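Fold and contact review
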Amino acid sequence: MSDGFQIKVEKTAQSNLSKIDFSNLPFGKFYADHMFVCDFQDGVWKDARIVPFQNLSLSPASLCLHYGQLIFEGLKAYRNVDGEIVLFRPEQHLERINKSAHRLCMAQLTEEVFMGGLLELLKIDSEWVPKDPDSSLYIRPFMIATDVGIGVTPSLTYQFIILTSPVSKYYSAPVKVVFEDHFSRAAEGGIGFSKTAGNYAASLYPTKKAVEKGYNQLIWTDSKEHKYIEESGTMNIMFVINDTLITPALHDSILSGITRDSILTLAKDWGYKVEERKISVDEIVEALKNNKVQDAFGTGTAAVVAHFALIGHDGVDYELPPIESRTFSNKMKKTLLDIRLGKVEDEHKWVYVVK
Ligand SMILES: Cc1ncc(COP(=O)(O)O)c(C=O)c1O
C-alpha cells in the first residue's frame, strides 16, 4: 500500500459475535461487525474507512437506485489446516470487478483500495471467519453510483463497500435443473459477462417459475434461439460425456467464473480431455436419452461444485447417475477444498494467506 493511502478505523462499541450460532448460518442472514467504505470523487478514491456495519445514507435520487449502475463480487475467506485465514484467487475478483466497471462506465478500482480495504477488514473481523471447514466468511465487495440526479448518464461519483457474512455450505442437496426455452438473463452484446444487478434482476421471474414447477435452478440458453447452453442459475455449467469435460466457451452473455477457470486448469493438469465450445441443448438431451452423461454440475464460489440430480427438458426429467459414481466432480470438489485447506500442494499459487 502506498504511504498516501490511509484507512481510518472506527470500531463498533458492541460486537455481535457472541450472538452468532456458528453451527447454523443461513446464507446472507448474519453480517460481521464492520464494513469497508471508500468514495470516488474528483477522479480519485478517497476517505477509505472501516466503520461499524450500518445502513447507508443516500439521496433517493442517487443514480444507482434508478439505472442499475451497481456492480459486485463474491468471494470467501476460509481457514486452512493451520488456522490461518486464506482467500482464493482474490486478484481475479479485482480484475473481474474492473471488467464489470468498464462495461457499466463506472470507476476502476485500484489494488490498494480493493485488496488494502479487504485485508484490513479481515484483520479487524478475523474472529468472524468460521473455524468449521464447511463454513466460510462470504465477502461481498460492491460499487454503487452516487451522483444525485435522475438523468440517464454515467455517474461521476461512486462508493465502494465491502461487507462480510459468515455462511455454511450453499447447496446441501444435489440440484434439479431445467432448460429455459423462452426467458433470458443476458443477451449477446449485453452485460451478461459483468457481475451487475441487472442480470440477476432478469433472472428472478423465470427462476421463480421454475421453482414453482419443482426445480431449483434454470439452465440458461442463448437469447436468440434458445439452442445453446450458457450457464446454470448463478453458476457456470459443465458436463462429462465420453470421458471429456465440456463447458460452454465464454462470450459476452456468460460470466467468466473463477471456479470455472480453476476447474478447467486442474482438469488439464490431470490429463483430462477438455472442450470449451458451443454446446447445444439437443446434444445434451440426446446424451441424456442415451445415458451418456457421466457427470453434470454447476460451478461457482458459493457451492464450488453443485451436482445436478436431474435435468428437465420439454416436460421430461432425465435422472443423472448416482452422485457416488461421479468420479470427476467428486475428485474436483475434494481437490479444490484440499487446496484451500492447505492439505495438498497449491501448484498454481491460488491461495492467498492473509497475514
Ligand atoms: C451468473 C454467474 N455465473 C457464474 C458464477 C460463478 O463465478 P465464480 O466461480 O467466480 O464464483 C457466478 C458467481 O459469481 C455468477 O453469478
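As a reminder, the structure under discussion sits directly above these lines.
Below you will find a few notes about this structure. (Residues numbered from 1 in each chain as written. Predicted model: local features only at pLDDT ≥ 70, side-chain atom pairs only at ≥ 80, totals over all residues. Heavy atoms only, no water.)

Quick notes on helix H7 (residues 327-341)
When the terminal C-alpha atoms of H7 are compared, their 21 Å separation across 15 residues agrees well with the 21 Å that a helix rising 1.5 Å per residue should span. Remark: Gly342 follows H7 within two positions and exhibits a positive phi of approximately 80 degrees. (Helix = DSSP H or I, 4+ residues; strand = E, 2+ residues; numbered from the N terminus. Expected span 1.5 Å × (residues − 1).)

Concerning helix H3 (residues 111-124)
Between the first and last C-alpha of H3 there are 19 Å, a value that for 14 residues agrees with the 20 Å anticipated at 1.5 Å per step. For H3, the complete set of buried residues consists of Val113, Phe114, Met115, Gly116, Gly117, Leu118, Leu121, Leu122 and Ile124. (Buried < 20%, exposed > 50% of the residue type's maximum accessible area, 1.4 Å probe, protein only.)

So, empty space enclosed by the protein
Under the definition given, this model contains 1 cavity of 30 Å³ or more. If you list the elements that add at least two residues to the lining of the largest cavity, you get strand S5 (75-79) and H7. Its residues placed into classes, the lining of the largest cavity shows 4 nonpolar, 1 polar and 4 charged. (1 Å grid on protein atoms, 1.4 Å probe; cavity = no way out; pocket = protein on both sides within 12 Å on 5 of 7 lines; lining within 4 Å. Points joined across faces, edges and corners; volume = space filled by probe spheres on them. Nonpolar A, V, L, I, M, F, W, Y, C, P; charged D, E, K, R; others polar.)

Section: the site of the ligand
Neighbouring residues of the ligand: 15 residues in total, closest Lys195, Tyr200, Glu231, Thr259 and Thr301. Within the backbone of Ile258, one N or O atom sits 2.8 Å away from an oxygen atom of the ligand. Thr259 has a polar side-chain atom sitting 2.6 Å from an oxygen atom of the ligand. Surface burial for the ligand is 95%, taken as the share of its 390 Å² of free accessible area covered by protein chains. Among the secondary structure elements, those contributing two or more residues to the shell around the ligand are helix H5 (258-269) and strand S15 (293-300). Among the residues making up the shell around the ligand, the classes are represented as 4 nonpolar, 7 polar and 4 charged. (Near = heavy atom within 4 Å. Polar contact = N/O pair within 3.5 Å; in protein donor to acceptor, adjacent residues only side chain to side chain. Areas by Shrake-Rupley, 256 points an atom, 1.4 Å probe, with all protein chains shown as cover.)

Description of the layout of surface pockets
Considered as a void within the structure, the second largest pocket measures approximately 610 Å³ in volume. For the lining of the second largest pocket, the elements supplying multiple residues, two or more each, are S5, H5, strand S16 (304-313) and H7. Of the residues forming the lining of the second largest pocket, the biggest block, 5 residues, is contributed by H7. In terms of residue class, the lining of the second largest pocket is built from 16 nonpolar, 9 polar and 6 charged. Formed jointly, the lining of the second largest pocket draws a minimum of three residues from each of two domains, domain 1 (8-167) and domain 2 (175-341). (Domains from an automatic or database assignment.)

Overview of the pattern of salt bridges
The final tally for this structure, using the stated rule, is 19 salt bridges. Between Glu276 and Lys268 there is a salt bridge, and its shortest N-O distance comes to 3.9 Å. Owing to a relative accessible area of 38%, Glu276 belongs among the partly exposed residues under this scheme. Take Lys268: its relative accessible area is 46%, and that puts it in the partly exposed class. Between Asp295 and Arg326 there is a salt bridge, with the nearest N and O atoms lying 3.7 Å from each other. Remark: Arg326 occurs in the loop between strand S17 (316-319) and H7 and Asp295 occurs in strand S15; sequence separation between them is 31 residues. We note that Asp295, like Arg326, is buried. (Salt bridge = Lys/Arg side-chain N within 4 Å of Asp/Glu carboxyl O.)

Side note on the nonpolar core
Counting residues in hydrophobic clusters, the biggest one holds 51 residues, and the most contacted among them are Phe36, Trp45, Leu87, Leu109 and Phe160. In terms of residue count, the dominant contributor to this core is H3 (7 residues). Excluding its chain neighbours within four sequence positions, the residues that come into contact with Phe36 are Phe5, Ile7, Ala48, Arg49, Ile50, Val113, Gly117, Leu121, Phe160, Ile161 and Ile162. Core analysis: the second largest hydrophobic core is formed by 24 residues, Ile229, Leu288, Ala296 and Ile311 among them. (Core = buried A, V, L, I, M, F, W, Y, C linked by side-chain atoms within 4.5 Å. Contact = heavy atoms within 4.5 Å.)

Concerning the packing of helix H2 (residues 90-103) against H3
Orientation of H2 relative to H3, taken along the N-to-C sense of each, is 135 degrees, at an axis distance of 11 Å. The angle between H2 and H3 places the two elements in the oblique class. As for the relative orientation of H2 and H3, their crossing is right-handed in sense. Residues Pro90, His93, Leu94 and Ile97 of H2 form the contact with H3, whose participating residues are Glu111, Phe114 and Met115. (Axes fitted to C-alpha atoms, helices over the stretch in contact; angles between N-to-C directions. Parallel < 35°, antiparallel > 145°, perpendicular 65-115°, else oblique. Left-handed = near helix turned anticlockwise from the far one by under 90°.)

Section: a nonpolar patch on the surface
A cluster of nonpolar side chains, namely Leu56, Leu58 and Leu65, defines an oily patch on the protein surface of about 250 Å² accessible area. Structurally, the position occupied by Leu58 is in the loop between strand S3 (44-52) and helix H1 (64-67). (Patch = residues over 30% accessible without salt bridge, like charges linked within 9 Å, V, L, I, M, F, W, Y side chains within 5 Å.)

Overview of unusual backbone geometry
For Asn291, which is not glycine, the phi torsion reads 55 degrees and is therefore positive. On the secondary structure map, Asn291 appears in the loop between helix H6 (281-289) and S15. Of note in the backbone geometry, Val304 takes a positive phi value of approximately 65 degrees without being a glycine. Looking at where Val304 falls in the secondary structure, it is placed in strand S16.

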